[in-house]
Each structure stands twice: as structure tokens, then as C-alpha cells.
Amino acid sequence: MNLKTRKRLSLLILVIGLPLYIVAAVTLVNWMDARLGRQPILVEVAVYVGLGILWILPFKRVFSGVGRGE
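Let us look at the structure shown here. (Residues numbered from 1 in each chain as written. Predicted model: local features only at pLDDT ≥ 70, side-chain atom pairs only at ≥ 80, totals over all residues. Heavy atoms only, no water.)

**Topic: the packing of aromatic side chains**
Inspection of the entire model under this criterion finds two aromatic pairs. Taking 6.2 Å as the distance between ring centres and 80° as the angle between the ring planes, the aromatic pair formed by Trp-55 and Phe-63 counts as edge-to-face. Residue classification places Phe-63 among the partly exposed residues on the basis of a relative accessible area of 22%. An aromatic cluster of three or more residues is present, and its members are Trp-55, Phe-59 and Phe-63. (Phe/Tyr/Trp six-rings, centres within 6.5 Å; stacked < 30°, edge-to-face > 60°. Buried < 20%, exposed > 50% of the residue type's maximum accessible area, 1.4 Å probe, protein only.)

**Focus on the packing of helix H1 (residues 3-36) against helix H2 (residues 41-54)**
Packing of H1 against H2 brings their axes to within 11 Å, and their N-to-C directions diverge by 150°. By the angle between their axes, H1 is roughly antiparallel relative to H2. For the pair H1 and H2, the sense of crossing is right-handed. Between H1 and H2, the contacting residues are Tyr-21, Ala-25, Val-26, Leu-28, Val-29, Met-32 and Asp-33 on the first element and Glu-44, Val-47, Tyr-48, Leu-51 and Leu-54 on the second. Counted by class, the contact of H1 with H2 contains ten nonpolar, no polar and two charged residues. (Axes fitted to C-alpha atoms, helices over the stretch in contact; angles between N-to-C directions. Helix = DSSP H or I, 4+ residues; strand = E, 2+ residues; numbered from the N terminus. Parallel < 35°, antiparallel > 145°, perpendicular 65-115°, else oblique. Left-handed = near helix turned anticlockwise from the far one by under 90°. Contact = heavy atoms within 4.5 Å. Nonpolar A, V, L, I, M, F, W, Y, C, P; charged D, E, K, R; others polar.)

**Structural notes on the pattern of salt bridges**
Evaluated as defined, the whole model comprises one salt bridge. A salt bridge links Glu-44 to Arg-38; its shortest N-O distance comes to 2.8 Å. Glu-44 gets classed as buried once you look at its relative accessible area, which sits at 8%. Using a relative accessible area of 62% as the deciding quantity, one classes Arg-38 as exposed. (Salt bridge = Lys/Arg side-chain N within 4 Å of Asp/Glu carboxyl O.)

**Description of the environment of Lys-60**
Residue placement: Lys-60 occurs in helix H3 (residues 60-63). With a relative accessible area of 60%, Lys-60 lands in the exposed category. A C-alpha to C-alpha distance of 9.9 Å links Lys-60 and Ser-10, two positions 50 residues apart in sequence.

Worth remembering: the numbers are spatial, not functional.
So this is what it looks like as C-alpha cells:
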């Protein structure tokens with residue numbers, strides 16, 4: 001994949017995909033609260049950090065080298 005395509009795809013992922021993923025993560029934590037009761041703050045932080053790292057793994061190749069010049 002050339003640099004121009006990766007830049008466009010990374011912008012699309014950040015502008016559309018990331019907000020949708022954030023909504024899904026918050027919905028998951030709210031579902032956990034409703035289903036299991038309020039979790040300790042460290043559990044919620046661990047879930048958010050885990051989901052924050054998890055979203056980038058499939059897109060690691062797309063984002064690599066995007067900040068470099070052509």
C-alpha cells in the first residue's frame with residue numbers, strides 16, 4: 001500500500017472509526033455496570049486501557065510511516 005493511500009485510510013480510521021470505537025467501549029462498560037453492578041475504578045480503568053490498546057493492533061501497519069515525509 002503506498003503512502004498516499006495509507007494517509008487517507010488512517011485519516012478515515014481516526015475521524016470515523018475511532019469515535020465509533022469509543023462509543024462501543026463506553027457502551028460495553030455501561031453494559032457491565034448494568035449487568036454486573038458497578039465495578040471498582042481500577043477494573044474500569046483496566047478495561048478502558050485494554051480497549052484503548054486493542055483498537056490499534058489491527059491498524060498498526062496502516063499507521064506505520066504515515067508521519068514521515070514523502
